[in-house]
Amino acid sequence: MAAITANLYAQHDRAALLENRQATREARWVKVTILGAALTFFAIFLLLPLAVVFVEALAKGWHTYLDALVEPDALSAVTLTLLAALISVPLNLVFGVAAAWAITRFDFRGKQLLITLIDLPFSVSPVVAGLIYVLVFSSHGWIGPWLLEHDIKVIFAVPGIVLATVFVTVPFVARELIPLLQAQGREEEEAAVVLGARGWQVFWHVTLPNVRWALLYGVILSNARAMGEFGAVSVVSGHIRGETNTLPLHVEILYNEYQFAAAFAVASLLALLALVTLAVKSWIEWRAAQAHD
Amino acid sequence: MTKAPTLPRVLPGFGLSLGFTLTYLSLVVLIPLAAVFIRASSLSLEAFWDAVTAPRVLASYQLSFGMALLAAAINTVFGLLLAWSLVRYRFPGKKLVDALVDLPFALPTAVAGIALTALYAGNGWLGQYLEPLGIKVAFGPLGVLVALVFIGLPFVVRTVQPVLEDLETELEEAATSLGAHRWQTFRHVILPVLQPALMTGFALAFARAVGEYGSVIFIAGNIPMVSEITPLMIISKLEQYDYAGATAIASVMLVASFLLLLAINGLQAWQARRNGRSE
Amino acid sequence: MSIQVQNIHKAFGDFIALDNLTLDFPSGELVALLGPSGCGKTTLLRVIAGLEQADSGRVLLDGDDASDTHVRERQVGFVFQHYALFRHMTVFDNVAFGLRMKPRGIRPSEAEIKRKVHELLQLVQLDWLADRFPAQLSGGQRQRIALARALAVEPRVLLLDEPFGALDAKVRKELRRWLRRLHDELHITSIFVTHDQEEALEVADRVVLMNHGRVEQIGSPAEVYQQPATPFVYGFLGAANRFEGQSSAGGIAIGKATLTTGQHVQHGEVIAFVRPHELDIVRQEFGHGIPARVSRVLTLGALTRVELEGRDDVAGQHFDVELPASHPLAGSLITGEPVRLQPRSVRVFANPETAGAA
């Protein structure tokens, strides 16, 4: 009975079910109040800021909008942003997979500490994240003098921006994979080994197909963060127009120069990126739910 | 967890994966972070103390931590209402609302910063109604609060939502059949189950808000002693090439981050225990 | 306190859980709602409690229409299949919950609550667990705490959803006896839902058999077992060999073979049931009875079960025969041996699948 009933209920929307039963629903005025407060909050803090980006971007017409996007400094900012993401996302993808594999497939001392350390970049202020690289690589830093001798520029140059981006996106893939691999357990991989599969075969044929959605999820989120990072990148960039400006930094410069329409035009690109990210994220969640049923 | 380190490992790649993980993490995260403390320790105690307790810096702690606390509290209340609505009510556009809750995770902070400023400036969509009432949001401490509420919004929703979804309806039914009113059921049965998740969400939102930079600096106005956040103090020290001062303040922030991280880990462990089904 | 349900109808989408059901539960009895998964028994229990709203129909408690009474005011004790104990409360607080939720005016004093809770814990013989949390209890203990919690508010009726469903076999047996004794002590009108026929027959005063949202039969355990009213009930209660055929002189014709019934049988297509212990094996290949072949002989303690396969017109069908282990046939039957089957007692029903067409 229980199984069939549960099945039946699963087909129904849970919210509908809860709302239809005396024991699990509130008085109508309570519901209206809660829903009203929640949606007003949602509209003021999420919808309005999103809308204002696009409205301000087009405030001076399509012409100004497009001009702001195709001017050379903007294009070089796009290039640098893409470059930073193209380097940091794959690096952290490999790291995330390796870390998740080590953590979920083996037992060793200090595992819990390692998990905490992986999460560390999330709790460090982006400004501090930038600062640590300045302390290591700047001319006053640990290896700054050596870099200077060999004419390698890290801080106020592209490598610094890439490093800062790598730092802030370290945890994304790992933290999606670890809980999933933990939940799935080791049995399937152990079965593969018993059946004669070797190292990489186990990973490619057994593990990877099971975690591809989580992997994509982590990649999407870390990509959004990589392209949108502001604080950390701002510290190491030096704000050299056309050279060390990413899109978010370019937005800042335009804004501080009171070129509001142009600033919002570039910002609208980033807002679109955010919307695409959310759409893909929702799609992945939907697919994962489908696969689960 | 059973430990059998003496047995040969069945699955391959232990050395490779753990070795790579540790090397990478050390190079990218741990060694650079250690630089802060090593640099800070090279300061004399007096110089360190002066740097981290300068009046402007003290004012910035008060603002950063105070507003972060307030923002996290606001997000706890409204995050619970949003999560509750998403799980328990039907309304048009629900899927869209659910997807957009994560906007602050996906939207670059600089974009959020200028958007919020445009909204709350004196001539903005909301500012034009608020300023005549004497409520000045943009370019002041209230602006900091608004930005911190924005970036912390998803945390409470996303920690509470799954717990609400998994909440057994039988618990509420049992309470009601025993004569409890709806509020009593919420207060004595539902809220205790949600409590660890609420606290975790609060701590996550708080931790994020304390260190936030991008969304705040545009709307804060950055008035010394009034609306300067701590991360901005680090930046301004750096701009004056006062690396020692920047490092000192950064080490204070890092210690705060570590403590928060520990607290969050503790809370999550508690939550896992609370929600562990005993049947 | 009596319960009546009248013309209750409940659908979930296309699925009809309760099909215009009318039932009486007399005061003071312990009634089992018995049926297979999805037969509507749990839904009926939840409708009586007020946890589920029927699409139409009425629920009468003690003759008063309670259909519009909120669960909170119905004063029914409900014990959930998975107990639904409040995890963050001690056993004591769980049992005290209903008392503490009462409006200030009629809420007992803390001292009174304490006395009452300990009394209930003594009743379920778990007073020593008062300070434990549910996670620290065994399944059987949780079940009894859930019952004590439901009894604390002095319910007019007690409803139990699969009360032993989540327990292992041994605890289940003990709790069954214990529930029966408790009911004899309290005499509170009680309904419990189960899919386990043994449980229903052992514990209940009266058994309601349900299938597809309808009542198939109501009666004492002995009645429903010995005089099943429908093919469904016969098949559901205990093992049965099933034969389909045409009524004929002297029995039921299944192809060229005849199942002798020794009684007059209604005309047309029929279904016949024979319990395994009421089927005889005749050691001959030809002659009277149903042709079969021994496929396996199993000795299960004092019983020997013979598994057979049909031959000729009943090829492909399987039959079971139970013999006392001391029976001469038990030791001598050979696998593959052709035999004939003759019933000592047959229960015949018109075939419901073809009755309408004929």
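In this text, all values refer to a predicted model and were calculated from it rather than measured experimentally. (Residues numbered from 1 in each chain as written. Chains lettered and ligands numbered in written order. Predicted model: local features only at pLDDT ≥ 70, side-chain atom pairs only at ≥ 80, totals over all residues. Heavy atoms only, no water.)

Participant: Please provide a residue-by-residue account of the overall build of chain A, values included.
Facilitator: If you tally the helices and strands in chain A, you get 15 helices and zero strands. Its C-alpha atoms give chain A a radius of gyration of 24 Å, clearly above 19 Å, the size a compact globule of 293 residues would have. Each principal axis of the C-alpha atoms in chain A carries an extent, and together these give about 75 × 60 × 30 Å. A total of 293 residues make up chain A; the buried ones form 54% of that total. Within chain A, contacts between residues at least 6 apart in sequence are counted, and of these 70% link residues at least 24 apart. Accessible area of chain A: about 13,000 Å², with a carbon and sulfur share of 65%. Put simply, chain A has 18 plus and 22 minus side-chain charges, and the middle of one group is 10 Å from the middle of the other. (Helix = DSSP H or I, 4+ residues; strand = E, 2+ residues; numbered from the N terminus. Rg over C-alpha atoms; globule rule 2.2 N^0.38 Å. Buried < 20%, exposed > 50% of the residue type's maximum accessible area, 1.4 Å probe, protein only. Contact = heavy atoms within 4.5 Å. Areas by Shrake-Rupley, 256 points an atom, 1.4 Å probe, with all protein chains shown as cover. Lys, Arg positive; Asp, Glu negative; His and termini not counted. Charge placed at Lys NZ, Arg CZ, Asp CG, Glu CD.)

Participant: Describe the overall build of chain B, naming the residues involved and giving the relevant values.
Facilitator: Along its length, chain B carries 13 helices and zero strands. Start at the N end of chain B and walk to the C end: the helices and strands fall as α-α-α-α-α-α-α-α-α-α-α-α-α. Its C-alpha atoms put chain B at 70 × 65 × 30 Å along the principal axes. Residues counted as buried form 58% of the 279 residues belonging to chain B. For chain B, the proportion of contacts with a sequence separation of at least 24, taken over those separated by at least 6, is 75%. Only carbon and sulfur atoms are counted for the fraction: they give 68% of the accessible area of chain B, which is about 11,300 Å². Taking the 17 positively charged and 16 negatively charged side chains of chain B as two groups, their mean positions are separated by 4 Å.

Participant: Could you give an account of a nonpolar patch on the surface, naming the residues involved and the relevant values?
Facilitator: Together, A:Trp142, A:Ile143, A:Trp146, A:Ile152, B:Leu27, B:Ile31 and B:Ile38 make up a nonpolar patch on the protein surface, roughly 680 Å² of accessible area in all. Residue contributions to the nonpolar patch peak at three residues, all from helix α1 (residues 14-41) of chain B. Mapped onto the secondary structure, A:Ile143 falls in the loop between α7 (126-137) and α8 (144-149). (Patch = residues over 30% accessible without salt bridge, like charges linked within 9 Å, V, L, I, M, F, W, Y side chains within 5 Å. Salt bridge = Lys/Arg side-chain N within 4 Å of Asp/Glu carboxyl O.)

Participant: Report on the sheet that holds strand β7 (residues 157-161) of chain C, specifying residues and quantitative values.
Facilitator: Sheets are built from strands that pair by backbone hydrogen bonding, the pairs being arranged parallel or antiparallel. Residues and elements named next belong to chain C. Taken together, the six strands give an open sheet; going across it, the order is β6-β7-β8-β3-β9-β10, and neighbouring strands pair in mixed fashion. In this open sheet, the two strands that pair with only one neighbour each are β6 (76-79) and β10 (214-219). The mean inter-strand angle of the sheet, taken between neighbouring strand axes irrespective of direction, is 20 degrees. Bridging between β6 and β7 involves four bridges; their strand directions are parallel. (Pairing = 2+ DSSP bridges. Axes fitted to C-alpha atoms, helices over the stretch in contact; angles between N-to-C directions.)

Participant: A description of the interface of chain A and chain C should follow, citing residues and the corresponding values.
Facilitator: Each partner contributes residues to the interface: chain A has eleven residues there, and chain C has 19 residues. Taken together, both faces of the contact between chain A and chain C bury some 1,200 Å²; the carbon and sulfur share is 55%. On inspection of chain A and its partner chain C, the count reaches one salt bridge. Linking chain A to chain C there are two residue pairs in polar contact (both at pLDDT 80 or more). (Buried area = accessible area lost by both parts, 1.4 Å probe. Polar contact = N/O pair within 3.5 Å; in protein donor to acceptor, adjacent residues only side chain to side chain.)

Participant: I'd like a rundown of the side chain of C:Glu337, residues and numbers included.
Facilitator: Residue and element names in this part refer to chain C. Locating Glu-337 in the fold gives a position in the loop between α10 (328-332) and β19 (338-343). Classification of Glu-337 by relative accessible area gives buried; the value is 14%. Once residues within four sequence positions are removed from consideration, Glu-337 is found in contact with Arg-283, Ala-292, Arg-293, Val-294 and Ser-332.

Participant: Quick rundown of the UniProt feature "domain: ABC transmembrane type-1" (unreviewed entry) in chain B? Include the residues and the values.
Facilitator: What UniProt calls "domain: ABC transmembrane type-1" (unreviewed entry) maps, in this numbering, to residues 61-264 of chain B. Across residues 61-264 of chain B, the secondary structure splits into 78% helix and 0% strand, with the terminal C-alpha atoms separated by 21 Å. (UniProt positions renumbered as here; feature names shortened; annotations may be inferred.)

Participant: Would you mind going over the UniProt feature "transmembrane region" (unreviewed entry) in chain A in detail, with residue names and values included?
Facilitator: Residues and elements named next belong to chain A. Under the UniProt annotation, the feature "transmembrane region" (unreviewed entry) is placed at residues 32-55, 75-101, 113-134, 154-174 and 260-280. In this annotation, residues 75-101 is assigned 100% helix and 0% strand; the end-to-end C-alpha distance for the span is 39 Å. The distance from the first to the last C-alpha atom of residues 260-280 is 30 Å, and the span holds 100% helix and 0% strand.

Participant: Residue-level account of the interface of chain A and chain B, with values.
Facilitator: If you look at the interface, chain A gives 97 residues, while chain B gives 93 residues. Summed over the shared surface of chain A and chain B, the number is four salt bridges. Scanning the region where chain A abuts chain B turns up 20 residue pairs in polar contact (both at pLDDT 80 or more). Examining the composition of the side of chain A that touches chain B, we find that 20 residues originate from one element, helix α3 (residues 28-57) of chain A, more than from any other. The residue makeup of the side of chain A that touches chain B, split by class, is 66 nonpolar, 15 polar and 16 charged. (Nonpolar A, V, L, I, M, F, W, Y, C, P; charged D, E, K, R; others polar.)

Participant: Which residues make up the nonpolar core, and what values go with them?
Facilitator: Grouped together as the largest cluster of nonpolar side chains are 185 residues, with contacts concentrated most on A:Phe167, B:Tyr120, B:Leu148, B:Val160 and B:Ile234. The greatest single-element share of this core, amounting to 15 residues, is contributed by helix α8 (residues 141-166) of chain B. Residue contacts for B:Ile234: discarding those within four places in its chain leaves A:Val127, A:Val128, A:Leu131, B:Ala246, B:Ile249, B:Ala250 and B:Met253. With 46 residues, the next largest nonpolar core counts C:Leu30, C:Ala96, C:Leu158 and C:Val233 among its residues. (Core = buried A, V, L, I, M, F, W, Y, C linked by side-chain atoms within 4.5 Å.)

Participant: Tell me about the confidence of the model for chain A, residues and numbers included.
Facilitator: All names here are of chain A. Here chain A averages 89 in pLDDT, and 95% of its residues register 70 or above. Here helix α1 (residues 2-11) stands out as the least confident element of chain A, with mean pLDDT 41; α3 is the most confident, with 96. With pLDDT under 50 throughout, residues 1-12 is counted as low confidence; its partners more than four residues away or in other chains account for 20 contacts. (pLDDT = per-residue confidence, 0-100.)

Participant: Talk me through the UniProt feature "domain: ABC transmembrane type-1" (unreviewed entry) in chain A; I want residue IDs and the actual numbers.
Facilitator: In this structure's numbering, the residues bearing the UniProt feature "domain: ABC transmembrane type-1" (unreviewed entry) are residues 78-281 of chain A. Secondary structure across residues 78-281 of chain A divides into 79% helix and 0% strand, with the first and last C-alpha atoms of the span separated by 23 Å.

Participant: Before we move on, could you go through the packing of α8(B) against helix α10 (residues 182-211) of chain B and cite the residues and values that matter?
Facilitator: All names here are of chain B. It is the contact of α8 with α10, at a shortest axis distance of 8 Å, that shows an interaxial angle of 155 degrees. Classed by the angle they form, the pair α8 and α10 counts as roughly antiparallel. Pair α8 / α10 crosses with right-handed handedness. Contact with α8, carried on its side by Leu-148, Ile-151, Gly-152, Phe-155, Val-156, Thr-159, Val-160, Val-163 and Leu-164, involves Val-193, Leu-194, Ala-197, Leu-198, Thr-200, Gly-201, Phe-202, Leu-204, Ala-205, Arg-208 and Ala-209 of α10 and no other residues of that element. Residue classes in the contact of α8 with α10 are distributed as 15 nonpolar, four polar and one charged. (Parallel < 35°, antiparallel > 145°, perpendicular 65-115°, else oblique. Left-handed = near helix turned anticlockwise from the far one by under 90°.)

Participant: Talk me through the packing of aromatic side chains; I want residue IDs and the actual numbers.
Facilitator: Each aromatic ring pair is specified by the distance between its two centres and by the angle formed by the two planes. Tallied over the entire structure, the rule returns 31 aromatic pairs over all chains. Ring geometry for A:Phe41 and A:Phe45: centres 5.0 Å apart, planes at 40 degrees, overall tilted. Linking A:Phe41 with A:Phe45, this pair stays in helix α3, spanning four residues, or about one helical turn. For A:Phe41, a relative accessible area of 4% translates into the label buried. Plain terms: the ring middles of A:Tyr258 and A:Phe260 are 5.9 Å apart, the flat faces sit at 85 degrees to each other, and that makes the pair edge-to-face. For A:Tyr258, a relative accessible area of 65% corresponds to the exposed category. Overall, A:Phe260 belongs to the partly exposed group, its relative accessible area being 34%. Taken together, A:Phe230, A:Tyr255, A:Tyr258, A:Phe260, B:Tyr213 and B:Phe218 form an aromatic cluster joined through their ring pairs. Taking NZ or CZ as reference, C:Arg149 lies 4.6 Å from the ring centre of C:Phe86, over its face. (Phe/Tyr/Trp six-rings, centres within 6.5 Å; stacked < 30°, edge-to-face > 60°. Lys NZ or Arg CZ within 6 Å of the ring centre and 35° of its normal.)

Participant: Now, about the pairing of strand β16 (residues 290-300) of chain C: what can you tell me, with residues and values included?
Facilitator: All names here are of chain C. Here β16 runs beside β19; their pairing, made up of four bridges, is antiparallel. Across the sheet, residue Pro-291 finds its bridge partner in β19, namely Arg-340. Note that β16 and strand β17 (residues 303-310) share eight bridges and pair antiparallel. Bridge pairing links Val-294 to Leu-308 in β17. Where β16 folds back on β17, the antiparallel hairpin that results is connected by two residues, among which Gly-301 adopts a positive phi of roughly 65 degrees.

Participant: If you had to explain the pattern of salt bridges to someone new, which residues and values would you point to?
Facilitator: Any two side chains of opposite charge can pair, on the condition that their charged atoms come close. Within the structure shown, the criterion is met by 43 salt bridges over all chains. With a shortest N-O distance of 2.3 Å, A:Lys281 and B:Asp102 are connected by a salt bridge. Separated into two different chains, A:Lys281 in helix α15 (residues 260-292) and B:Asp102 in the loop between α4 (94-100) and α5 (103-106) make up a pair that spans both. Take A:Lys281: its relative accessible area is 8%, and that puts it in the buried class. Its salt-bridge partner being C:Glu199, residue C:Arg176 comes within 3.7 Å of it at the nearest N-O pair. Taken together, the residues span a long stretch of sequence, with C:Arg176 in helix α6 (residues 169-186) and C:Glu199 in helix α7 (residues 197-203) at a distance of 23 residues. Residue class for C:Arg176 comes out buried when judged on its relative accessible area of 2%. What emerges from the salt-bridge pattern is a single network uniting C:Arg172, C:Lys173, C:Arg176, C:Asp196, C:Glu198, C:Glu199 and C:Glu202.

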